[in-house]
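Residues per chain are reported as follows:
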Amino acid sequence: MSKTEELYRNRVPRTRHDVHVYQRTGHTMPWFVPATILDALQSFEVRPSDVFLITYPKSGTRWTRKIITLVMNDANEELIDTDIPFSMRSGYPEFHINEDDEPWYKKLEQTNGRRFIPTHLIPSLLPPQVFEKPVKVVYIARNPKDAAVSYYHHYMTSPQQIPYKWEDYLSVFLSKNMAYGGDWGSHVIPWWERRNNPNVLFMKYEDMVKDLRKCVREIAAFLEQDHLSDEQIDKIVKLCSFEYMKNNPEDRGDRFLIDYWKVDPSKSPFVRKGKVGGWKEYFTVAQNEEFDQVYKKWIGESGLEMEFE
Ligand code: A3P
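The written sequence of each chain sets the order in which its residues are numbered from 1. Note on the predicted model: pLDDT of at least 70 is required for a residue's local features to be given, and 80 or more for side-chain atom pairs to be given and counted; whole-chain, interface and lining totals, by contrast, use all residues. The basis for every side-chain value is the complete set of heavy atoms in the structure, and neither hydrogens nor water enter the calculation.

**Q** So what about the overall build of the protein chain? Which residues, and what values?
**A** Secondary structure elements are defined from DSSP: runs of H or I of at least 4 residues count as helices, runs of E of at least 2 residues count as strands, and each element is numbered from the N terminus. Along the backbone of the protein chain there are 14 helices and six strands. Buried means the residue's accessible area, taken with a 1.4 Å probe over protein chains only, is under 20% of the maximum for its type, while exposed means over 50%, and partly exposed covers the values in between. Among the 309 residues that make up the protein chain, the fraction classed as buried is 58%. Note on contacts: a residue pair qualifies if any of its non-hydrogen atoms lie within 4.5 Å across the two residues. Nonlocal contacts in the protein chain, meaning residues at least 24 apart in sequence, comprise 73% of its contacts between residues at least 6 apart. Accessible areas in this description were obtained via Shrake-Rupley with a 1.4 Å probe; residue shielding takes into account the shown protein chains only. For the protein chain, the accessible area works out to roughly 13700 Å², and carbon and sulfur atoms hold 49% of it.

**Q** Describe the layout of surface pockets, and please don't skip the residues or the numbers.
**A** Considering only enclosed or pocket space, the largest pocket measures out at about 730 Å³ in volume. The way it works is a 1 Å grid over only the protein atoms, where trapped points that fit a 1.4 Å probe form a cavity and open points with protein on both sides within 12 Å along at least five of seven lines form a pocket, and then any residue with an atom within 4 Å of a point lines it. Taken together, 42 residues line the largest pocket, and the ones lying closest to its centre are Gly 60, Arg 142, Ser 150, Tyr 205 and Phe 270. Looking at the lining of the largest pocket, the elements with two or more residues in it are helix H3 (61–72), helix H5 (144–156), helix H8 (205–210), helix H11 (242–246) and helix H13 (254–261). For the lining of the largest pocket, the element with the highest residue contribution is H5, accounting for six residues. When residues are grouped by polarity, Ala, Val, Leu, Ile, Met, Phe, Trp, Tyr, Cys and Pro land in nonpolar, Asp, Glu, Lys and Arg in charged, and all others, Gly among them, in polar. Residues that form the lining of the largest pocket fall into these classes: 23 nonpolar, nine polar and ten charged. Grid points are joined across faces, edges and corners, and a volume is the space filled by probe spheres set on the points.

**Q** Describe in detail the site of the ligand, supporting the description with residues and values.
**A** By convention in these notes, a residue is near a molecule or strand provided one of its non-hydrogen atoms lies within 4 Å of it. Thr 61, Ser 150, Arg 272, Lys 273 and Gly 274 are the nearest of the 18 residues found near the ligand. One of the side-chain N or O atoms of Lys 58 is found 2.8 Å from an oxygen atom in the ligand. Pairs of N or O atoms are called polar contacts if they sit within 3.5 Å, as long as, within protein, a hydrogen donor faces a hydrogen acceptor (for residues adjacent in sequence, only side-chain-to-side-chain pairs). Trp 63 has a polar side-chain atom sitting 3.2 Å from a nitrogen atom of the ligand. In this description, a molecule resides in a pocket or cavity if more than half of its atoms sit within 2 Å of the grid points defining it. Judged by the proximity of its atoms to the pocket grid, the ligand belongs to the largest pocket. Counted by class, the shell around the ligand contains seven nonpolar, six polar and five charged residues.

**Q** Pulling in residues and values, what's your account of the environment of Ile 67?
**A** The topology assignment puts Ile 67 in helix H3. The spacing of Ile 67 and Ile 236 is 169 residues in sequence and 6.7 Å in space, taken between C-alpha atoms. When neighbours within four sequence positions are excluded, Ile 67 is seen to be in contact with Met 208, Leu 212, Val 216, Ile 219, Ile 236 and Cys 240.

**Q** Quick one: what's the story with the side chain of Ser 59, residue by residue and with numbers?
**A** If you trace the backbone, Ser 59 turns up in the loop between strand S3 (51–55) and H3. Discounting residues that sit within four places of it in the chain, Ser 59 has contacts with Ile 140, Arg 142 and Tyr 205.

**Q** Could you give me a rundown of helix H10 (residues 230–239), with the residues and numbers involved?
**A** Taken residue by residue, H10 has Ile 233, Ile 236, Val 237 and Leu 239 as its buried positions. Looking at the buried residues of H10, the elements they touch are H3, helix H9 (212–222), H11 and helix H12 (249–252).

**Q** Could you give me a rundown of the environment of Phe 256, with the residues and numbers involved?
**A** With respect to the helices and strands, Phe 256 occurs in helix H13. Residue Phe 256 is classed as buried on the basis of its relative accessible area, which comes to 3%.

**Q** I'd love a proper account of the sheet that holds strand S6 (residues 200–204), names of residues and values included.
**A** Whether two strands pair depends on DSSP finding at least two bridges between them. The strand order across the open sheet built from four strands is S4-S3-S5-S6, with neighbouring strands paired in parallel fashion. Bordering the open sheet on either side are strand S4 (116–119) and S6, each of which pairs with just one other strand. Here the strands of the sheet are splayed against their neighbours by 15 degrees on average, with no regard to which way each runs. Alignment of S3 against strand S5 (residues 136–141), held across five bridges, turns out to be parallel. Bridging from a neighbouring strand, Thr 55 pairs with Ile 140 of S5. Axes here mean lines fitted to C-alpha atoms, for a helix over just the part in contact, with angles spanning 0 to 180 degrees between N-to-C directions.

**Q** Could you give an account of the nonpolar core, with specific residues and numbers?
**A** Residues grouped as a nonpolar core are buried Ala, Val, Leu, Ile, Met, Phe, Trp, Tyr and Cys residues, joined through side-chain atoms within 4.5 Å. Counting residues in hydrophobic clusters, the biggest one holds 61 residues, and the most contacted among them are Phe 95, Leu 121, Phe 173, Trp 184, Trp 191, Phe 291 and Leu 304. If one sorts the elements of this core by residue count, helix H6 (residues 166–174) sits on top with six residues. Apart from residues lying up to four places away in sequence, Leu 304 is in contact with Trp 184, Val 188, Ile 189, Trp 192, Phe 202, Lys 204, Tyr 295 and Ile 299. If you look at the next biggest cluster of nonpolar residues, it comprises 31 residues, including Ile 140, Met 208, Leu 212 and Met 245.

**Q** Explain the packing of aromatic side chains to me, and be specific about the residues and the numbers.
**A** Stacked, tilted and edge-to-face pairs are distinguished by plane angle, under 30 degrees for stacked and over 60 for edge-to-face with tilted covering the rest, among Phe, Tyr and Trp rings (Trp via its six-membered ring) whose centres lie within 6.5 Å. Enumeration according to the criterion identifies 24 aromatic pairs in this entry. Ring geometry for Tyr 139 versus Phe 202: centroids 5.5 Å apart, planes at 10 degrees, classification stacked. Pair noted here: Tyr 139 is in strand S5 and Phe 202 is in strand S6, with a separation of 63 residues, a long-range link. For Tyr 139, a relative accessible area of 0% translates into the label buried. Look at Trp 184 and Trp 298: their rings are 5.8 Å apart centre to centre, the planes differ by 35 degrees, and that puts the pair in the tilted class. On the criterion of sequence distance, the pair formed by Trp 184 in helix H7 (residues 184–192) and Trp 298 in helix H14 (residues 285–299) is long-range, its members being 114 residues apart. Classification of Trp 184 as buried rests on a relative accessible area of 0%. Look at Trp 298 and you get buried, because its relative accessible area is 11%.

**Q** Quick one: what's the story with the pairing of S6, residue by residue and with numbers?
**A** The buried count for S6 comes to five of five residues, which makes it a mostly enclosed element. Side chains of S6 alternate between two faces, with Val 200, Phe 202 and Lys 204 and Leu 201 and Met 203 buried alike.

So this is what it looks like as structure tokens:
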């Protein structure tokens, strides 16, 4: 049993899944992204009109999902289904939480019109056609220290799970064994390298926190929704503000957390702190130094610079 499996094994005691992670072509994958679905996605038909949102987990996916949904639907909030089950237009194709449900990618296959497809998959596990057809990809990158803390809360603080020491978790985060198929670097860098591709919009979480209106406009332009009026943009900014989302049970994903993860949403909300630099409250000096070493390797010569405060 790998170290990661050992560390995770007992942590989802109340689901019917006895394994929290498994190995897939050298990647550690979570139980709710089964190998059968990953296989099926290798032949998933991508359409040129598709819009993908690709993120490393805990990088503002739910936030950007809402922004993109509103942008694509002319700021019409009635079309938003941020609660779970996900709307057919924005289900994660790799998720298969309840084996009795139809897989999300099948629902996507039956969807007409412009599809919006959020995913956390690393490049090698994505449907290959993502790189072959001129689909639009919005990639959101968040500095890995804040993403690590956010992920820690997401998985570690629920009462269903055996408390897990921060330092043990952090060593897994820095390893290649983090459960979503690879480390932060192998997720972010390939998209950073594609940032000049006209079909790729590479955006940073920290920039969204700094100037949400500017980022919403950028997303609208990228998705050829330039016709959105100032009023519509204002509405999107308001509906996607941290304060608004924090106070909205649907945006917080309460039902999903209760029904699927079996966790207490007040402990692990999808909309938690929404800050840049929160990691400082968690990292010791030694942990920060170790993290910086690994981060340097992740970044390599790519030229990517993230903001940590
Ligand atoms: P924190 O846990 O650091 O607060 P994901 O949706 O990929 O799981 O990302 C979750 C992170 O995005 C959480 O970070 C959450 O608070 C943050 N987030 C969600 N909505 C946000 C908003 N409107 N503004 C800023 N951050 C937001």
